[in-house]
Amino acid sequence: MSSEPSTSTIPPVPSSTYRVQLRPGFGFTQVAELADYLSSLGVSHVYLSPIFGAPADSTHGYDVTDPTTLRAEFGGAEGFIAMRRALASHGIGIVLDIVPNHMAIPVPEWWNPFLWSVLRYGKRSPYAAWFDIDWEAGADRLVLPILDGPIDANLDALTTRRDDDHGPVLCYHDHRLPIAPGTEDLHLADLLDAQHYRLVDWRRSALSRNYRRFVDIDGLIAVRVEDPEVFSATHGLLLDLVRRGLVDGLRVDHVDGLHDPGDYLARLDAATGHRWTVVEKILAMDEGLSTEWPVAGTTGYDTLAVVTGLFIDPDGEGALTTMYRELIGVDLDRRATVAEGKRLVATTAFAGELRALARTLASAANCGVDEARAALLDVAAALPVYRPYHNSVDAWAALQATVDQVAATSPAQGEILRTLPHFIQTDSSFAARFGQFTAAVYAKGVEDTAFYRDIRLLAVDEVGYDPRRFAVLPEGFHDFAARLAREHPTSLTTLSTHDTKRSEDVRARLAVLSEIPDRWASTLRPLLERGRHLGCPDAHAGYFFWQTLVGAWPLEAARAKDYLRKALREAKLRTSWQSPDPDYEAAVDAFVDAVYADVASLREVERFVYAIEPWTQANILGQKLLQLAMPGIPDVYQGCERVSRRLVDPDNRAPVDFEAYRGALGDFLEPKLRLTATVLRFRRRHPEWFTGYQPLTVRGPAASHLVGFHREGPVVALVTRLAARLQLGGGWRDTEVELPEGTWVDALNGREYEGGPYPIERLLRDAPVAFLVPSVEVLR
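Keep in mind that this is a model prediction, so the values were computed, not measured.

Look at helix α9 (residues 317-328) against helix α19 (residues 539-552): their axes get within 10 Å of each other, and the N-to-C directions meet at 135°. As judged from the angle between their axes, α9 and α19 are oblique. Residue-level contacts link Met 323, Tyr 324, Leu 327 and Ile 328 of α9 to Ala 539, His 540 and Tyr 543 of α19.

See the structure below:
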């Protein structure tokens, strides 16, 4: 690499981050070209998606194939240095997203040179210890679920040839697998038996697969970073970048998948010289991050859930549930839906992991394997946290409570259940496997199944949102923010990510529906009826579609079809990724096309969206100001500084038109962009202002509609919540907020206010939010 750029003006802890999704065609050079724009926006650090070697066509980078190189498609080492220099010249640092948990089984397989060696040489490969493979379970072979059917039905599709670069290979469609030395001249059937891998049907591999995956993705094989040698080998380039001052912070992907997250994070912290690091960790609503982990905090899904919930009307839950039952014909029980989703994935996608755990527990508890399996299944289905760490007070308490709950309903399992917590505490290997299992079951059973089945209000069907929670009250938000300020003041906060089911602004509009359930029902009912006439194949698909159309409007037909197909497969009711139903999916596509050809339907959607737009805007600005001004380090996901109505990936990873964004920032007219830039600029120039946390006192008939807080720096944020109910209920009337002493200026409009009791109607007469600072300084 060429000489390193100066980093003297880059703070060690970000004042804010801006997440950029790298992809072929948008690499280091393009990020470098954004330096002036991001600086003007007020960003202190660029937060990059994974940058290490991956398949050439990878659009996200989480399918790492070589952690010892930087992606050539992005510009390689020289491009990285040039990007760093351009960013540093504007005082902008770099936060890297790293993926220690897994690597890709790419197609062709030779793109991963380390796995290629294991496939060729088996246990004798120098890289065999890198991967989490149960060699004993596979009779010393790696079981690869890549076949489309039984092996006998695929023999004609299997051929051998010699590749100029990789030697003799076994070919299956686009797959390329190495042939073990000395076996290349064997007859095909004998050759297959002589390899260090065994090919099986991908649809029926749950009980035969012998490697740990990233959740349920067969193409991502787990890496044993708990081994110090594997850690050193897979982190060498990363640590070199850190030591040379080229990287300022880290985001650790999928920390719950690691064998021992605490041990890994301690090793990482020591190796990086205590760089600012956050972890992707989903926390339950009553769960705190382990105090033993040496990290700044999480990637912000906990904040996303609390802020989103604050704009949900708790009084709307009953009406929405009744409406859902009447229109869809489903008597909803969210807890049962969650348990059902977790049981489904535990006994299908993770059947092998469940069986292995049951065998181990049966031996320890002196019981039958089937009994142990039933007990483990019941606990996993009811456990409200991702992973029950015995050194995390909240997570461990959740496990104990779950064990008690299951034992009370299944007395016959009592002895087995009493063994489980003790076994987790005394057997680190079982503890790791059990935790990895429950985390995967939660991710797929709740977020990728139940959240696509219980669709009363899609705004709460989001990554990080605790399914036991419908809404958050102001006091709940204040408690969360105060705890964040006290325990993890430099944790990341976010409202949108590359993994969210829908962007923050889609959720902002959908949240309004909780305030006006009757009005929503009167709009939805005729739309569902019209949908039936237009060929909608079932009520679930119709309800999901119309609600999504309202939330993301204007939404192109192609995006709507892609999203709905993915959503219905995730729900696993009439189609799924495992067993897609082409006829059903074709009927859904035809229905969507018919809607987009029906002008009356689209006009009705547009009319409803227009009618609720003022309340939507109040939510958009309110949730953004809270995230930007509250404790923590705010992350802005690419494009979300302006109103962005994106849906689940790949839609939310689409390119951003940054030239248009430059123009909009120069004009400084759009309310959300103006708000974002204003707060980020103050945070960058005055990070000391954003310390501490104190809720403001609000009095009056509409007090529950204002969320206000004082940062000790000093900064004051005032936000309207449940704007529809506020307006329909008569407005602010005599409601007042107690402003701290002094003269305050709203940085968004320049108006001055004196401390003491102040009528909210005057404070918020022109906008639903206010951002008060003690100076007339304008950061433009």
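Once the structure has been displayed, the description carries forward.
The next point concerns the sheet that holds strand β6 (residues 102-104). Strand order in this open sheet of three strands is β6-β13-β12, and the pairing throughout is antiparallel. Edge positions in the sheet fall to β6 and β12 (213-214), since each has one partner strand and no second.

Glancing now at the pattern of salt bridges. The final tally for this structure, using the stated rule, is 62 salt bridges. One salt bridge connects Arg 267 with Asp 263, and the closest N-O pair in it is separated by 3.1 Å. With Arg 267 and Asp 263 both in helix α7 (residues 261-271) and four residues apart, the pair spans about one turn of that helix. Under the relative-accessibility criterion, Arg 267 is labelled partly exposed at 22%. A salt bridge links Glu 613 to Arg 509; the nearest nitrogen and oxygen atoms lie 3.5 Å apart. Within this pair, whereas Glu 613 is found in helix α23 (residues 613-629), its partner Arg 509 is found in helix α17 (residues 504-512), the two being separated by 104 residues in sequence. Its relative accessible area of 2% is what places Arg 509 among the buried residues. Several salt bridges converge on common partners, so that one network encompasses Arg 19, Asp 97, Arg 251, Asp 253 and Glu 280.

An order of β16-β15-β14-β5-β2-β1-β18-β17 is seen for the eight strands of this open sheet, with the pairing classed as parallel. A single partner strand is all that each edge strand has here, and the edge strands are β16 (297-298) and β17 (492-493). Sheet analysis places β17 next to strand β18 (residues 633-637), joined by two bridges and oriented parallel. Of the residues in β18, the one forming a bridge with Thr 493 is Pro 634. Sitting on the sheet, α23 touches β17 and β18, and the angle it makes with β18 is about 135°.

With that out of the way, let us pick up empty space enclosed by the protein. Counted according to the given criterion, the structure contains six cavities of 30 Å³ or more. Estimated volume of the largest cavity: approximately 160 Å³. What lines the largest cavity is a set of 14 residues, and nearest its centre among them are Pro 67, Val 99, Pro 100, Thr 234 and His 235. Contributions of two or more residues to the lining of the largest cavity are made by β6 and α6 (228-243). Per element, the largest residue contribution to the lining of the largest cavity is three residues, and it comes from α6. For the lining of the largest cavity, the class distribution of residues is 11 nonpolar, three polar and no charged. Here the second largest cavity defines a volume of roughly 70 Å³. Arg 19, Tyr 47, Arg 251, Thr 299, Tyr 301, Leu 492, Thr 494, Thr 497, His 498, Asp 635 and Tyr 637 are the residues that line the second largest cavity. Residues that form the lining of the second largest cavity fall into these classes: four nonpolar, four polar and three charged.

What follows covers the packing of aromatic side chains. In total, this model carries 28 aromatic pairs according to the counting rule given. Their ring planes at 70° and their centres at 5.7 Å tell us that Phe 231 and Tyr 264 sit as a pair that is edge-to-face. One end of the pair, Phe 231, is in helix α6; the other, Tyr 264, is in helix α7, with 33 residues separating them in the sequence. Per residue, the accessibility class of Phe 231 equals that of Tyr 264, and both read buried. Site record: aromatic cluster; members linked through ring pairs are Tyr 18, Phe 26, Tyr 37, Phe 658 and Tyr 661. Positioned above the aromatic ring of Tyr 661, the side-chain terminus of Arg 642 is 4.7 Å from the ring centre. Here the guanidinium or amino end of Arg 683 rests over the ring plane of Phe 690, the centre of that ring lying 4.6 Å away.

The pairing of strand β23 (residues 736-746) with strand β24 (residues 752-759) spans seven bridges and is antiparallel. Counted as the bridge partner of Val 745 is Glu 752 from β24. In textbook terms, the turn of a hairpin is the stretch between consecutive antiparallel strands, and for β23 and β24 this stretch comprises five residues, one of which, Gly 750, has a positive phi near 85°.

Attention shifts here to the packing of α17 against α23. Relative orientation of the contacting elements α17 and α23 amounts to 130°, with a least axis distance of 8 Å. Relative to α23, α17 is oriented oblique. Our pair here, α17 against α23, has a crossing hand that is right-handed. Contacts between α17 and α23 pair Glu 504, Asp 505, Ala 508, Arg 509, Ala 511 and Val 512 from the former with Glu 613, Trp 615, Thr 616, Asn 619, Ile 620, Gln 623 and Lys 624 from the latter. Looking at the contact of α17 with α23 residue by residue, the class counts come to five nonpolar, three polar and five charged.

Looking now at α7. Residues Pro 261, Gly 262, Tyr 264, Leu 265, Leu 268 and Asp 269 constitute the buried set of α7. Down the axis of α7, the buried set is contained in an arc of 160°. They therefore lie on one face. Buried residues along α7 sit against β5 (93-98), α6, β14 (249-252) and β15 (276-279). Just past α7, the residue Gly 273 takes up positive phi, approximately 70°.

Turning to its location among the elements, Trp 276 is positioned in strand β15. Taking relative accessible area as the criterion, Trp 276 reaches 6% and is therefore assigned buried. When the C-alpha positions of Trp 276 and Pro 14 are compared, they lie 8.5 Å apart, and in sequence the two are 262 residues distant. Other than its neighbours up to four places away in sequence, Trp 276 contacts Pro 12, Val 13, Pro 14, Val 95, Asp 248, Gly 249, Leu 250, Ala 296, Thr 490, Leu 492 and Ile 633. Reaching out from Trp 276, the side chain makes a polar contact with the backbone oxygen of Thr 490 at a distance of 3.0 Å.

What counts as what
Residues numbered from 1 in each chain as written. Predicted model: local features only at pLDDT ≥ 70, side-chain atom pairs only at ≥ 80, totals over all residues. Heavy atoms only, no water. Axes fitted to C-alpha atoms, helices over the stretch in contact; angles between N-to-C directions. Helix = DSSP H or I, 4+ residues; strand = E, 2+ residues; numbered from the N terminus. Parallel < 35°, antiparallel > 145°, perpendicular 65-115°, else oblique. Contact = heavy atoms within 4.5 Å. Pairing = 2+ DSSP bridges. Salt bridge = Lys/Arg side-chain N within 4 Å of Asp/Glu carboxyl O. Buried < 20%, exposed > 50% of the residue type's maximum accessible area, 1.4 Å probe, protein only. 1 Å grid on protein atoms, 1.4 Å probe; cavity = no way out; pocket = protein on both sides within 12 Å on 5 of 7 lines; lining within 4 Å. Points joined across faces, edges and corners; volume = space filled by probe spheres on them. Nonpolar A, V, L, I, M, F, W, Y, C, P; charged D, E, K, R; others polar. Phe/Tyr/Trp six-rings, centres within 6.5 Å; stacked < 30°, edge-to-face > 60°. Lys NZ or Arg CZ within 6 Å of the ring centre and 35° of its normal. Left-handed = near helix turned anticlockwise from the far one by under 90°. Arc of directions from axis to C-beta. Polar contact = N/O pair within 3.5 Å; in protein donor to acceptor, adjacent residues only side chain to side chain.

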